[in-house]
Amino acid sequence: MNFEKFNPTLIDKKWQKYWVKNKTFKSSKVKDKPKYYCLEMFPYPSGKIHMGHVRNYTLGDVIANYKRLKGFNVLHPMGWDSFGMPAENAAIQKKLHPKDWTLENIKTMKTQLKLLGFSIDWDREISTCNDNYYTHQQKFFLDLFKKGLVYKKESLVNWDPVDNTVLANEQVIDGKGWRSGAHVIQKKLSQWFFKITAFADELDTSLNLLNEWPEKVKIMQKNWIGKSIGCELIFKVKGNSKTITVFTTRPDTIFGASFIALAVDHPISNEYNNNTEFLNFKRNCYKTGNTDEAIAKTEKLGFKTDYEVNHPFIKNKTLPVFFSNFVLMDYGTGAIFGCPAHDQRDLDFARKYKLDVIPVILPRDQVEQKYQIDDEAFTGSGTIINSDFLNNLNIDDGKSKIIEEIEKNKIGKSKTTYRLRDWGISRQRYWGCPIPIMYNQKGEVIPVSEKNLPVKLPDDVDFSIPGNPLDKNTNWKNIKCEKTGELLTRETDTLDTFVDSSWYFLRFCSSDNKKHGFLDEDVKYWMPVDQYIGGVEHAILHLLYSRFFTRAITKGTKFEIDEPFKGLFTQGMVCHKTFKNQDGEWVLPEDVIEENGKFLDKKNNQKVSIGPSESMSKSKKNVVDPQTVINLYGADAVRWFMLSDSPPERDIQWSNDGISGSYKFIQKIWAISEMIQSIDKKYKLNKSEIYSIKKSINKLIKEITYNVENFHFNVAVARFYEFINYLSKMLHENKAEIVLFKKIFKDFLILIYPFTPHIASECWEKNYGHPDISIAKWPYYDEKFIREEKINLVIQINGKKRSLLQTETDQNEDLIFRKCLELESVKKSIIDKNIIKKIYVKNKLVNIVVK
RNA sequence: GCCCUCGUGGUGGAAUUGGUAGACACAAAGGACUUAAAAUCCUUGCCGCUUGCGGAGUGCCGGUUCGAGUCCGGCCGAGGGCACCA
């Protein structure tokens, strides 16, 4: 049979136009249906969309389409994270205004996203660089200011010397800036901070409620917040009135203490400012560097002080006091007591300086008299020994008891500490949200009043001089107070762009409201985001900030929201082989041709070597431009490829074979659609053929529903292949009845519509006319058709497969065993042997145990 | 050093609660159709012997079980995270 091929260039455009005209994907303002909020991380408008975007938005689009067919009122919006550094870099390099560059990129990328047929409600589009977005952000800033959650402090900051700006702790990766990659230095500056630490405990404990988040992300956040429960304990220095306060999470091991270790910048260190030996030691500690790996491999070193402290619970026992390179001033109190038997670092240290190692926790399988510590500290659970009134308690009871004693004796108190630091939000940049603050001549802080918002970014800026252009724009910077006429200056720092992305999901709920960032009634209906999809690279930064900011700005409103994202899915990256020419330069895949197993650069016929497959990146040139592929194969083939083979959470390998395979499949659907229209009307199927066909579609409905619900899109794809292969076979054998085939094909089209909406819409229109498929209902399956009439029962002897037995379903045990024993292979296997046991798993298998 | 995740054919991967390992796809080989090619369709896909059958088999070693890719213990390897966090 010859049919005209499916022409994606024409058909894609046709349906994309139709969807725009009919506002197919507009979320309803009438809140009478159950809602579903599906959101993918919004893009930074860097120029063109890349394959990572395509994968991210395809995954989200399947969910959005599926939920719509399931009868939900779906919110599936899109916006632009449009403030940020690259715009300024472009301004400097290409002499373009950041605004023009950004708006141009948004235009391009929006067009490209539309080419993929994503079911986005474009009426809710937002852009963070637009003042109708950031005016609300400035209001939130002032709101947090009033709530005492914003403050300014002079502090050592992480200074990125390339970006010329401040970075938050978590934006420093391996001592380098997260964006520039430059070595970060410490600089003293007056900076604005959000008090995220006020929410440390809530952000930690609430993680337990996020049962639709990947465990991995929750663990990363937990580690970042770094909650530790313990107590402070005051040691009296022997022979004078000084005290040293330590923090410990293991107060139960106090009877095993054999030394005190201080951070080298502990206040006591000031007494050693004239001691060259100490100053050398201190310098060496700093030299080790602050990357974790460097420090981990460093030998544990100490500098012995002249001080000794009294043990708080053992009379006449004193402990030596050291400065050490493994205690940090910014955690706890900058001082610890060392219990070598039960902490590896303390043990390493004790062995080096020949200090006592007294075991105080006895493992379950050990005898107290014989128990000793060699070169490995014991950190497991056990019973307390050698510890006076704590003896025989377990660790937890020991902790409670000793804290009780400490508090009774007024030598300390129970305490919880966090690793989390406040979020520094000042950036010395132009292209960001202005901080709505002014200063008078005395340098006092004056918040901009709400009626004067937004504080708009000035357009006239000069990038020819290094540094922050806002600082040099005196027209903008210097203003007069309306009331007093006093001269004021504006804050010239702008907000970290992570602030912009910390509430955009709220803005989408009320995107057209000019007066408010969001309306309570909208947020009440739409929030939380039911499914959030994005890269794992935001596991800490964006996701933690959003959890904090949402809490902070909704605190005290009618609808307090704690968790913004109910479900989180982190997708894998798109990878591609890398190519290098003989000069070691990267070569674009599109320039590489294969000839007799050799790879050549088609520009100059030079040999090209193939490197490992890595995440697509511009710097390695291993990129494939989505636009090129869409032009060649159409949107559905690209979407299909993104969903095939690899599970969404894992990396996917881009390949030409893969995309052309997807294209063939799209053509196959089309061919089947055409064949169904020309089925021989005289042919009648027999009863078992009808049953088999009904079974195949019912099974498909069940499988697709299950696999879409569980994000197993690659498995869903495999089930579609099976079904289409089956249909194709029946049609080729002319085993087809028009009414039945039209009916099951209709269900099939609904099932595949979320994956490949263009061809599904076109086939639907050709076979079934209007109304269009986007308003169809997701089909239900009937168990009675899924049930097999006959099954192949697995027959095992001693757990090994020996035979298959075809029987009717739900047979009783006795009958099955009788039939089993008649099988030749079974007879052969049990000859001369005794049957010890017979196992029957209904409709699955029989296992005969013989000896 | 610590924490987390993952190890299944030539490749990507499937196996929903412990029950036929390798679905589906890609690649490869052979075949059909064709003057030929492309496209399409079919078969094969670890080891042994001729079909059929038998054997090994999910990183390695051991355990639990009638039965383990799946559960438990120990190792090895890869990837990701980290802050020596007391």
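Residues numbered from 1 in each chain as written. Chains lettered and ligands numbered in written order. Predicted model: local features only at pLDDT ≥ 70, side-chain atom pairs only at ≥ 80, totals over all residues. Heavy atoms only, no water.

Draft legend 1. Quick look at helix α7 (residues 215–225). Taken residue by residue, α7 has V217, K218, Q221 and I225 as its buried positions. Angularly, the buried residues of α7 cover 100 degrees about the axis, an arc narrow enough to put them on a single face. Those residues of α7 that are exposed and angled more than 90 degrees off the buried face are E215 and N223. The inward-facing, buried residues of α7 contact α6 (200–205), α17 (541–554) and β27 (568–571). Directly after α7, the chain includes G226, whose backbone phi takes a positive value near 60 degrees. (Buried < 20%, exposed > 50% of the residue type's maximum accessible area, 1.4 Å probe, protein only. Helix = DSSP H or I, 4+ residues; strand = E, 2+ residues; numbered from the N terminus. Arc of directions from axis to C-beta. Contact = heavy atoms within 4.5 Å.)

Draft legend 2. Structural context of the pattern of salt bridges. By the definition in use, this model includes 38 salt bridges. The partner of R719 in a salt bridge is E703, with the nearest N and O atoms 3.3 Å apart. A residue pair is termed long-range when its members are at least 10 positions apart, and R719 in helix α22 (residues 713–732) and E703 in helix α21 (residues 687–709) qualify at 16 residues. R719 sits in the partly exposed class, given a relative accessible area of 26%. Of the charged contacts in the structure, one is a salt bridge between E722 and R719, with a shortest N-O distance of 3.2 Å. Within this pair, E722 and its partner R719 are both found in helix α22, separated by three residues, close to a single helical turn. Overall, E722 belongs to the partly exposed group, its relative accessible area being 46%. (Salt bridge = Lys/Arg side-chain N within 4 Å of Asp/Glu carboxyl O.)

Draft legend 3. Highlighting the sheet that holds strand β15 (residues 335–338). Strand order across the open sheet formed by four strands is β13-β14-β12-β15, with mixed pairing between neighbours. Bordering the open sheet on either side are β13 (302–310) and β15, each of which pairs with just one other strand. Between one strand and the next, the sheet's axes are offset by a mean angle of 30 degrees, whatever the strand orientation. The sheet contact formed by strand β12 (residues 259–262) and β15 spans four bridges and is antiparallel. Residue pairing for β15: F259 is matched across the bridge by G338. Most of the contacts of helix α10 (residues 344–352) go to β15, to which it runs at about 70 degrees, and overall it touches β12, β13, β14 (318–324) and β15. (Pairing = 2+ DSSP bridges. Axes fitted to C-alpha atoms, helices over the stretch in contact; angles between N-to-C directions.)

Draft legend 4. Representation of the packing of helix α19 (residues 635–643) against helix α20 (residues 656–677). Two elements in contact, α19 and α20, have axes separated by 8 Å at closest approach and are oriented at 120 degrees. Taken together, the axes of α19 and α20 lie oblique to each other. Note that α19 runs across α20; the crossing there is right-handed. Of the residues in α20, those touching α19 at D636, A637, V638, W640 and F641 are G658, I659, S662, Y663, F665 and I666. When its residues are assigned to classes, the contact of α19 with α20 shows eight nonpolar, two polar and one charged. (Parallel < 35°, antiparallel > 145°, perpendicular 65-115°, else oblique. Left-handed = near helix turned anticlockwise from the far one by under 90°. Nonpolar A, V, L, I, M, F, W, Y, C, P; charged D, E, K, R; others polar.)

Draft legend 5. Layout of α19. Taken across its nine residues, α19 has nine buried, putting it largely inside the fold. Buried within α19 are the following residues: A635, D636, A637, V638, R639, W640, F641, M642 and L643. In the stretch just after α19, D645 is the one whose phi turns positive, near 60 degrees.

Draft legend 6. Inspection of unusual backbone geometry at higher detail. Here the residue pair L453 and P454 is connected by a cis peptide bond, since its omega of -5 degrees sits within 30 degrees of zero. Cis geometry marks the peptide bond from M527 to P528, where omega comes out at 0 degrees. As for its placement among the helices and strands, P528 is situated in the loop between α16 (520–526) and β26 (531–535). At K354, a position not held by glycine, the phi torsion is positive, near 55 degrees. Inspection of the secondary structure assignment puts K354 in the loop between α10 and β16 (361–362). Backbone geometry at N843 places phi at a positive 65 degrees, although glycine is not the residue there. Residue placement: N843 occurs in the loop between β35 (835–841) and β36 (845–850).

Draft legend 7. A look at the side chain of S644. In this fold, S644 is placed in the loop between α19 and β32 (652–653). Under the relative-accessibility criterion, S644 is labelled buried at 7%. Excluding residues within four positions of it along the chain, S644 makes contact with I652, S662, N714 and V717.

Draft legend 8. Spatial organisation of the nonpolar core. W654, F720, F741, F745, F748 and F755 are the most contacted members of the largest nonpolar core, which has 91 residues in total. Among the elements that make up this core, the one with the highest residue count is helix α23 (residues 738–752) (10 residues). Setting aside its immediate chain neighbours within four residues, W654 contacts M51, V574, C575, H576, M616, V624, V629, F641, M642 and I659. With 81 residues, the next largest nonpolar core counts A87, L142, L203 and F463 among its residues. (Core = buried A, V, L, I, M, F, W, Y, C linked by side-chain atoms within 4.5 Å.)

Draft legend 9. Region of interest: the sheet that holds strand β23 (residues 478–480). Strand order in the open sheet formed by four strands is β22-β21-β24-β23, and the pairing between neighbours is antiparallel. Whereas interior strands pair on both sides, the edge strands pair on one side only; in this sheet they are β22 (445–447) and β23. Across this sheet, the average inter-strand angle for adjacent strands is 40 degrees, counted without regard to direction. Bridge analysis of strand β21 (residues 437–439) against strand β24 (residues 487–490) gives two bridges, and the strand direction is antiparallel.

Draft legend 10. Examining the environment of Y439 more closely. Inspection of the secondary structure puts Y439 in strand β21. Judged by its relative accessible area of 11%, Y439 is buried. When the C-alpha atoms of Y439 and F313 are compared, they prove to be 55 Å apart, with 126 residues separating the residues in sequence. Excluding its chain neighbours within four sequence positions, the residues that come into contact with Y439 are K152, W192, E444, V445, L487, L488, T489, R490 and E491. At 2.3 Å, the side chain of Y439 forms a polar contact with the side chain of E491. (Polar contact = N/O pair within 3.5 Å; in protein donor to acceptor, adjacent residues only side chain to side chain.)

Note that every value here comes from positions in space, so none of it alone points to a role or purpose.
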